[in-house]
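Summary of the model geometry
Below, each chain spelled out in residue letters.
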Amino acid sequence: MKLVEQIKNGSVVLDHDTRIKKEEIQNFLFQDIQTTNTKNPYTSTLSSETIKLYTKQVTYLGHPHPIYKKRIQISVGWGFHLRDNNAFLIGLYKYEDTVLYVIFDKTNFVNRQTNNSSAHVSTLDLLNADTQGIFTKIDSRNNKITVTTREHIRNVLIKLINKQNLLTKEICLFESFKQTLFKEYNGIECYQKMINSNFRDKFQSEWFGFYVEFEFQGYLEENPKLKDICEYQKIKNQNSLDFDIIFKKGFLGDLKTSSNKSLSILGNDKTAVLQAVDKYKRLWYILIKHDTTKDSECNYEVTQFWNKKQSKDNLMSYSKKMKNRVFLTELQILEITPFNVIYLSDFKQGRQQSDSRRNMKIQIRKTAIDNFLIYYSHFE
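Residues numbered from 1 in each chain as written. Predicted model: local features only at pLDDT ≥ 70, side-chain atom pairs only at ≥ 80, totals over all residues. Heavy atoms only, no water.

Considerations on the packing of aromatic side chains
Here the structure, examined in full by the defined rule, presents 20 aromatic pairs. Seen from their ring centres, Phe177 and Tyr219 are 5.4 Å apart, and the 50° between their planes marks the pair as tilted. In this pair, Phe177 is assigned in helix 6 (residues 169-179) and Tyr219 in helix 8 (residues 207-222), connecting sequence segments 42 residues apart. Here Phe177 and Tyr219 have matching classes, each one buried. (Phe/Tyr/Trp six-rings, centres within 6.5 Å; stacked < 30°, edge-to-face > 60°. Helix = DSSP H or I, 4+ residues; strand = E, 2+ residues; numbered from the N terminus. Buried < 20%, exposed > 50% of the residue type's maximum accessible area, 1.4 Å probe, protein only.)

Points about the sheet that holds strand 5 (residues 59-60)
Spatially, 5-6-9 is the arrangement adopted by the three strands of the open sheet, whose pairing is antiparallel. Since the sheet does not close on itself, it has two edges, and those belong to strand 5 and strand 9 (117-122), each with one partner. Examined bridge by bridge, strand 5 and strand 6 (residues 69-74) share two bridges and lie antiparallel to one another. If you follow Thr59 over to strand 6, its bridge partner there is Arg71. (Pairing = 2+ DSSP bridges.)

Remarks on helix 8
For helix 8, spanning 16 residues, the distance from its first C-alpha to its last is 22 Å, which sits close to the expected 22 Å at 1.5 Å a residue. Among all positions of helix 8, only Trp207, Phe208, Tyr211, Val212, Glu213, Phe214, Phe216, Tyr219 and Leu220 are buried. (Expected span 1.5 Å × (residues − 1).)

Some remarks on the pairing of strand 6
Where strand 6 and strand 9 come together, six bridges link them in antiparallel fashion. If you follow Arg71 over to strand 9, its bridge partner there is His120.

Digging into the pattern of salt bridges
Enumeration according to the criterion identifies 13 salt bridges in this entry. In this structure, Arg282 engages Glu335 in a salt bridge whose closest nitrogen and oxygen atoms are separated by 3.6 Å. Taken together, the residues span a long stretch of sequence, with Arg282 in the loop between helix 9 (270-280) and strand 17 (283-294) and Glu335 in strand 18 (residues 323-336) at a distance of 53 residues. Taking the relative accessible area as the measure of exposure, Glu335 reaches 2% and is therefore buried. (Salt bridge = Lys/Arg side-chain N within 4 Å of Asp/Glu carboxyl O.)

Here we look at helix 1 (residues 22-32)
Residues of helix 1 that are buried: Ile25, Gln26, Phe28, Leu29 and Asp32. One face of helix 1 carries all of its buried residues, which in axial projection span an arc of 165°. Seen from the buried face of helix 1, the exposed residues on the opposite side, beyond 90 degrees, are Phe30 and Gln31. For helix 1, the secondary structure elements touched by its buried residues are strand 3 (42-46), strand 4 (49-57), strand 7 (87-95), strand 8 (98-104) and helix 5 (153-161). Positive backbone phi, at 60°, marks Gln34, one or two positions downstream of helix 1. (Arc of directions from axis to C-beta. Contact = heavy atoms within 4.5 Å.)

Points about the nonpolar core
General note: in soluble globular proteins, nonpolar side chains tend to be found buried as a group. One finds Leu89, Phe174, Trp207, Phe216 and Ile336 to be the most contacted residues of the largest nonpolar core, which totals 91 residues. Of all the elements, helix 8 adds the most residues to this core, at eight residues. Once you skip the residues sitting within four places of it in the chain, Ile336 turns out to touch Val273, Val277, Lys281, Arg282, Leu283, Tyr285, Val341, Leu344, Ile362, Ile364 and Phe372. In terms of nonpolar packing, the next biggest core, distinct from the first, is built from 20 residues, Ile20, Ile25, Leu29 and Ile90 among them. (Core = buried A, V, L, I, M, F, W, Y, C linked by side-chain atoms within 4.5 Å.)

Concerning the environment of Ala119
For Ala119, the location among the structural elements is in strand 9. Separated by 214 residues in the primary sequence, Ala119 and Ile333 place their C-alpha atoms 21 Å from one another. Once residues within four sequence positions are removed from consideration, Ala119 is found in contact with Lys70, Arg71, Ile72, Ile74, Leu89, Phe104 and Phe109.

Structural notes on unusual backbone geometry
A cis amide bond links Asn40 with the next residue in sequence, Pro41, at an omega value of -5°. For Pro41, the position within the fold is in the loop between helix 1 and strand 3. Positive phi, close to 55°, is recorded for Asn9, a residue that is not glycine. With respect to the helices, strands and loops of the structure, Asn9 is situated in the loop between strand 1 (4-8) and strand 2 (11-15). By relative accessible area, which is 68% here, Asn9 ends up exposed. Despite not being glycine, Ser47 has its phi angle at roughly 50°, a positive value. Within the secondary structure layout, Ser47 lies in the loop between strand 3 and strand 4. Judged by relative accessible area, Ser47 falls into the partly exposed class, the value being 34%.

Comments concerning the side chain of Gln26
Relative to the helices and strands, Gln26 is located in helix 1. Residue Gln26 is classed as buried on the basis of its relative accessible area, which comes to 19%. Residues contacting Gln26, with those up to four places away along its chain left out, are Thr35, Thr38 and Tyr42.

Side note on the sheet that holds strand 19 (residues 345-347)
Strands sit in the order 16-20-19 across an open sheet of three strands; the sheet is antiparallel. Of all the strands in the sheet, the pair left with one neighbour each is strand 16 (264-269) and strand 19. Here the strands of the sheet are splayed against their neighbours by 35° on average, with no regard to which way each runs. Where strand 19 meets strand 20 (residues 361-365), three bridges bridge the pair, whose relative direction is antiparallel. Bridging across to strand 20, Ser345 finds its partner in Gln363. Against the sheet, helix 9 touches strand 16, strand 19 and strand 20, its axis set at about 80° to strand 16. (Axes fitted to C-alpha atoms, helices over the stretch in contact; angles between N-to-C directions.)

Looking at the packing of helix 6 against helix 8
Where helix 6 contacts helix 8, the two axes come as close as 11 Å, and the packing angle between them is 110°. It follows from the interaxial angle that helix 6 and helix 8 lie roughly perpendicular. For the element pair helix 6 and helix 8, the recorded crossing hand is right-handed. Contact residues: helix 6 offers Leu173, Phe174, Ser176 and Phe177, while helix 8 offers Val212, Glu215, Phe216 and Tyr219. Here the contact of helix 6 with helix 8 is composed, by residue class, of six nonpolar, one polar and one charged. (Parallel < 35°, antiparallel > 145°, perpendicular 65-115°, else oblique. Left-handed = near helix turned anticlockwise from the far one by under 90°. Nonpolar A, V, L, I, M, F, W, Y, C, P; charged D, E, K, R; others polar.)

Next comes the structure, spelled out in structure tokens:
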């Protein structure tokens, strides 16, 4: 049997899955949720509502999948019964003294016949719940997953019954910011807005990434109460790590943009990333994904506008790389922790004009994204 990631005392170890007997599942549910019967679906009364819990053990997804991927297997026929508003799909994870409950989004299963389908969860999700008590995310399939300890499971179910939001205020802030953005942006319009505001990075060649920073800075200025959650910093002192967002909970973050064609997400200087994760125990990337129309497809209108505004002699400078328009598709929030830094990849930047080597950066490959993703939503 393969050694896979397990949660122990707020850390990750490698070991075999431990199979839990049906009687053990019954005992946990009886003690923690006060269920009243001894088989699936287990029933309980919470918030004056009778609920049904369709429950399976969380185990490794199986070879050849990465060792951080876990699942529950959904029995034939459960899909029909999960249509009940007060039916919940729950995974029970146990390793030594660690016991966690995973409440899965049932949306993808209620309208089809389940035939040993799987609902997925990652080690990072389990670890976050073990250390924070409650952890909620939306994954790349737009499924909501809530993981909680035994101490909180009853209250979490009550909140879900009453349709209460379990996402953190930090995640809600960026979802709200997303709602202020348009789905399409043109380079000339974005450059003009930054120029009119005398934004410090108004002439950067990769205009869209800096335009998002421009918009986010303005968003916080228009909503000053949100500065109790995070602040945007661009001008840093000599000893500061090079990240743009300071969260009041005591960690750092950075706004990023990336084309959907890219095979990886390019991050910051590797040394700075490792220092931030070591010092603050987590680092967030708030990522705007987009499709792109190149300026070469549009008569180089953005290229010429950009060069004219800077009074350059060569109006075709940067013409091969310049974007004309971007079409926003997704918001992703990625979390780097001491646990998942091992899944980062190196990105070599080449050399400076002086022939000295540039510092190594990190990248997150698409194949590893699920081990960092804590929130996902579409631009409608």
